Amino acid sequence: MRALRFARLLTDPGLRTSPLARPAPRAPARLASFRPARSRTQSATRAMSGSTVVRKVSGLQFPFQTPDPFLFAVYHNDEYPAGDEQMRAPRRGNGADFDPNAPYRMYHGDRVPGFPQHPHRGFETVTATMRGIVDHTDSLGNAGRYGHGDVQWMTAGSGIVHGEMFPLVHADTPNHLRLFQIWLNLPSRKKMTDPAFVMHWAPDVQTARAGDGDVEVVVWAGSLFGAKGQPPPPDSWAADPANDVGIYFLTAKPGSSASLPPADGGAATNRTMYFFEGDGVVVGGRVVSSKSAIELDASQACEIAVPSSASTDTLLLVLQGKPIGEPVAQHGPFVMNTRLEIQRAFEDYQKTRFGGWPWPKDAMTFPKDKGRFALVNGVEEPGPGGVAGLRGHRTEL
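Model, not experiment: these values are computed from the prediction.

Trainee: Would you mind going over the sheet that holds strand β26 (residues 379-382) in detail, with residue names and values included?
Mentor: Spatially, the 6 strands line up as an open sheet ordered β3-β8-β5-β6-β25-β26, and their pairing is antiparallel. Strands at the two margins of the open sheet, each flanked by one partner only, are β3 (114-120) and β26. Each neighbouring strand pair of the sheet contributes to a mean axis angle of 20 degrees, computed without reference to strand direction. Strand direction decides the pairing type here: β3 and strand β8 (residues 160-165), joined by 5 bridges, are antiparallel. Of the residues in β8, the one forming a bridge with His118 is His162.

If you want it as structure tokens, here you go:
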């Protein structure tokens, strides 16, 4: 059974370009004529330079197409219904449920959605939540329950096995899940580093208001508008400020505008903006339709504006960082520099299971009413309250 699940993982639809990927659609009619106000100085500067901050706009793929040093980014938006007493969904998964047209997906889960135990080597995962609950377990004996704004950052390094399940903890209300999982590469000298795991609780995740105050910015890594991301694991590419890694989530209300400042690394930094929800937005003077990836010149400031006629908030993700600039060899959950290293990763996993699986179930979940927590190196830290029905709930959060 584990071998079958591992084989499915290596052909995970989430690791390939979706057949639904498409060129950027035309902007809705109400956006086609919208242009943000531009000062004479801005117009003159652009005319003299002959350049634009927007280098390329392309249809958004699943997973999102990402620049070096990133490998993968996927947005989970699952409208899970109320669960039963065992935190299960009403229907059974098929082992590889990634249907983009369904209200929710079971992924590799059976009755509890999620990703039962599977291996990784050679990169990092950043799981940034907005809503919902995630139960984490791994081969080092670490564990956690997190969500509702918490961020988990894991360095796979030389090899780790982990599970990520989405228990439906509420039996009387829906269990809507919204999160990003982002893969950040490791340079060759760090690919065999010891695995590491850190949790950043939502109250510690910094936010800022930009422009006219109607653009909210959540900083998951790096710094922007005075807000700073929490420290990543020590061997992360993001741990060195010179690498200029930033992960920013922007929510812009209709009629709002803001200016994304140049990256500290200037033109040496790769920067891509993802427009994944909303009616439309103007980026650097260019009207962009929803579900688009926008490659930016990080040496320039970028004006962002949402027309007042928009019917909903505009959601944007920004990924930036200086490239690692090394060959990438990837097969499923292993990311190395050569095919020989990939082959060795498979051999090592088959021999060692990266330390084995210390948990009683492949798809491990915790008691229904257990509050948020992080268990790292044998020490359990309680998380914040704020989730009704879970221990530690406080109505003021």
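Trainee: So, the confidence of the model for the protein chain: which residues are in play, and what are the values?
Mentor: Mean pLDDT over the protein chain stands at 88; residues scoring 70 or higher make up 86%. For residues 1-51, every residue scores under 50 in pLDDT, and the model assigns this stretch 88 contacts once sequence neighbours within four places are set aside.

Trainee: How would you sum up the pattern of salt bridges? Please name residues and give values.
Mentor: The full count for this structure, using the stated rule, is 12 salt bridges. Among the salt bridges present, the one from Asp110 reaches Arg92, with a minimum N-O distance of 2.8 Å. Taken as a pair, Asp110 in the loop between β2 (70-80) and β3 and Arg92 in the loop between β2 and β3 lie far apart in primary sequence, 18 residues in all. As a salt-bridge pair, Asp348 and Arg121 come within 3.0 Å of each other at their nearest N and O atoms. Separated by 227 residues along the polypeptide, Asp348 in helix α4 (residues 339-352) and Arg121 in the loop between β3 and β4 (123-131) bring together distant segments of the chain.

Trainee: Hey, could you go over the packing of aromatic side chains for me, with residue numbers and the actual values?
Mentor: For the structure shown, the criterion picks out 22 aromatic pairs. Plain terms: the ring middles of Phe64 and Tyr274 are 5.1 Å apart, the flat faces sit at 25 degrees to each other, and that makes the pair stacked. Taken as a pair, Phe64 in the loop between β1 (54-59) and β2 and Tyr274 in strand β17 (residues 270-277) lie far apart in primary sequence, 210 residues in all. The pair Phe64 / Tyr274 is uniform in exposure class, with both members buried. Ring centres of Phe98 and Tyr107 lie 5.3 Å apart, and the angle between their planes is 75 degrees; on these two criteria the pair is classed as edge-to-face. For Phe98, a relative accessible area of 12% puts it in the buried group. Classification of Tyr107 as buried rests on a relative accessible area of 3%. Cluster of aromatic residues (ring-pair linked, three or more members): Phe64, Tyr75, Phe180, Trp220, Phe249, Tyr274 and Phe276. The ring of Phe373 carries Lys370 above its face, with NZ or CZ at 4.4 Å from the centroid.

Reading guide: rules and limits
Residues numbered from 1 in each chain as written. Predicted model: local features only at pLDDT ≥ 70, side-chain atom pairs only at ≥ 80, totals over all residues. Heavy atoms only, no water. Pairing = 2+ DSSP bridges. Helix = DSSP H or I, 4+ residues; strand = E, 2+ residues; numbered from the N terminus. Axes fitted to C-alpha atoms, helices over the stretch in contact; angles between N-to-C directions. pLDDT = per-residue confidence, 0-100. Contact = heavy atoms within 4.5 Å. Salt bridge = Lys/Arg side-chain N within 4 Å of Asp/Glu carboxyl O. Phe/Tyr/Trp six-rings, centres within 6.5 Å; stacked < 30°, edge-to-face > 60°. Buried < 20%, exposed > 50% of the residue type's maximum accessible area, 1.4 Å probe, protein only. Lys NZ or Arg CZ within 6 Å of the ring centre and 35° of its normal.

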